[in-house]
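Given next are the chains, with one letter for each unit.
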2 protein chains.
Amino acid sequence: MEIELQIKMNEKLFLKNPEQSELGRKIIMHSIEMIHQHGFEAFTFKKLAETIGTTEAGVYRYFENKHRLLIYIVAWYWTWLEYQVTYRTNNISDPVVKLKMIIQLLATTVEDDLSTSYVDESLLHQIIITEGSKTYLTRRVTEDNKDRLFKPYKDLCAHIADIILECNPAYAYPKSLASTIIEMAHFQNFFMNNLPSLTDFGRDKDAYQIINFLEDLVFNSVTAKVQ
Amino acid sequence: MEIELQIKMNEKLFLKNPEQSELGRKIIMHSIEMIHQHGFEAFTFKKLAETIGTTEAGVYRYFENKHRLLIYIVAWYWTWLEYQVTYRTNNISDPVVKLKMIIQLLATTVEDDLSTSYVDESLLHQIIITEGSKTYLTRRVTEDNKDRLFKPYKDLCAHIADIILECNPAYAYPKSLASTIIEMAHFQNFFMNNLPSLTDFGRDKDAYQIINFLEDLVFNSVTAKVQ
DNA sequence: TCATTATTGATAGTATTACTATCTTTCTCA
DNA sequence: TGAGAAAGATAGTAATACTATCAATAATGA
């Protein structure tokens, strides 16, 4: 029996659901490849259309513009990652162990066990690191937020915040700490590889050191005695 | 006697030094206003030229493109902020107090005491929050880094890392903690105002709570007993 | 099986952006 | 006075980010 993970996306993210047609899936698959390879600013619908053998207009039938497509891809990733988090922590009772597992999932590329056919999660992870924050660092955040485009990210953050509170119900900043963990798992990775003097991992370029840093940061705060 | 703070910028940042002409200073001043008001993506050299009464070609004589102009503005800010940090901590001996001062400078809009004529630092602070990371989240980071365009940011980070080590010479992640403080001072501010559920400050929207969060985070780590 | 509808393909066209080039005027200062 | 630098004026190009239209084809269901 093959189990296929189906992720249901917010309908505001697209004009026509890309999961429901061959062309749609090709758009997603090759967008990920192209954004990964050349970066989001160099990515255009025209180039995408050419590589998948359709026309610009064809792509515009699925996505309003490339920013929406980026949000779609990023939202997909967060939804998928929250599934991974739930799946891999559901048999763990100790919230500290849970939190460590989450930090690991955030900071390293998750090896996918279920088949999600046309999406390459390890490329996606790299995209999220470099392009993820561009989804919300715009003038349209508020509007996009009203359309609930960032819900997967917010859900994951809330999930992590809950586990932080399980570790210590008196901790005062669970949500801010959660968003700090998420962002820093990525920024420290980007810095390590591109601006290494902003980190302590430039020599080894080892993602596991980022995990150590984040664990140190998180558990010293969460398990601190109240002064 | 009037003291004017002169900030000397890396020459790779511009084609012609904007500080040395009326037009150049107008370019900087109005770029800041326009980017602040409409965001970096909506900002174009053509619109800028129109508002300051010159032509597109006129602006291109100073800056290669709008991305370089953004890097210039951001680099200016970091240079200025490091001056503020140095100035306001130089009579403090306790590194913990120093670090608290730095967190405050990062998380709140600094009231400028010296006149830096044509630059509005409080607008700049807002720009850095929303647009700052776009300077390096590109495919050209490595190249731009070789041109030393990010030196002011890296210098500030190194400066903060040194103070962290003064607090605790055994702390293992001074540079990563420094970059975390800088980035989170801004991201938590952005989230607080735009995606409040990612923070614990959504209700009050008070920058001083960000300071509390960062102090808690930093000092629990830096002053932690080795386990 | 035929008609309806959805989907895609093909082509064209527009406004804006991101530049580059050139030539003239103005301003400075030696 | 006159050489050189800075700025203004104008033009033009390639690419981007779309929108519109119409024909061809595939899927569906009565």
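All of the points below concern the structure found in this document. (Residues numbered from 1 in each chain as written. Chains lettered and ligands numbered in written order. Predicted model: local features only at pLDDT ≥ 70, side-chain atom pairs only at ≥ 80, totals over all residues. Heavy atoms only, no water.)

Each partner contributes to the interface: chain A provides 52 residues, whereas chain B provides 52 residues. Both sides of the chain A and chain B interface together cover about 4,400 Å² of buried area, and 61% of this is carbon and sulfur. On the chain A side of the interface with chain B, the three residues burying the most area are Leu137, Arg139 and Tyr173 of chain A, jointly 16% of the side's total. Taken together, chain A and chain B are joined by two salt bridges. We note a salt bridge from Arg139 of chain A to Glu131 of chain B, for which the minimum N-O separation is 3.9 Å. Counting across the interface, chain A meets chain B through 18 residue pairs in polar contact (both at pLDDT 80 or more). Elements that contribute at least two residues to the side of chain A that touches chain B include exactly α1 (22-38), α6 (121-131), α7 (141-146), α8 (151-167), α9 (174-194) and α10 (207-222) of chain A. Examining the composition of the side of chain A that touches chain B, we find that 13 residues originate from one element, α9 of chain A, more than from any other. Among the residues making up the side of chain A that touches chain B, the classes are represented as 23 nonpolar, 20 polar and nine charged. (Contact = heavy atoms within 4.5 Å. Buried area = accessible area lost by both parts, 1.4 Å probe. Salt bridge = Lys/Arg side-chain N within 4 Å of Asp/Glu carboxyl O. Polar contact = N/O pair within 3.5 Å; in protein donor to acceptor, adjacent residues only side chain to side chain. Helix = DSSP H or I, 4+ residues; strand = E, 2+ residues; numbered from the N terminus. Nonpolar A, V, L, I, M, F, W, Y, C, P; charged D, E, K, R; others polar.)

Moving on to the protein's contact with DNA strand D. Around DNA strand D there are 16 residues in total, and Tyr60 and Asn65 of chain A together with Thr54, Arg61 and Tyr62 of chain B lie nearest to it. Each atom of DNA strand D within 4 Å of the protein belongs either to a base or to sugar and phosphate, the latter forming 47%. A distance of 3.4 Å separates a phosphate oxygen of DNA strand D from a polar side-chain atom of Ser21 of chain B. Sorting elements by how many residues they give to the surface near DNA strand D places helix α3 (residues 56-60) of chain A first, with three residues. Per-class residue counts for the surface near DNA strand D are five nonpolar, five polar and six charged. (Near = heavy atom within 4 Å.)

Residues and elements named next belong to chain A. All chains considered together, the criterion is met by 17 salt bridges over all chains. Between Lys134 and Glu131 there is a salt bridge, and its shortest N-O distance comes to 2.5 Å. Both residues of the pair, Lys134 and Glu131, belong to the buried class. The partner of Lys151 in a salt bridge is Asp155, and the shortest N-O contact between them spans 2.8 Å. Of this pair, Lys151 and Asp155 both sit in helix α8, four residues apart, which is roughly one turn of that helix. Of the residues examined, Asp155 reaches a relative accessible area of 29% and is grouped as partly exposed. Through salt bridges with shared partners, a single ionic network connects Lys12, Arg68, Asp144 and Asp147. (Buried < 20%, exposed > 50% of the residue type's maximum accessible area, 1.4 Å probe, protein only.)

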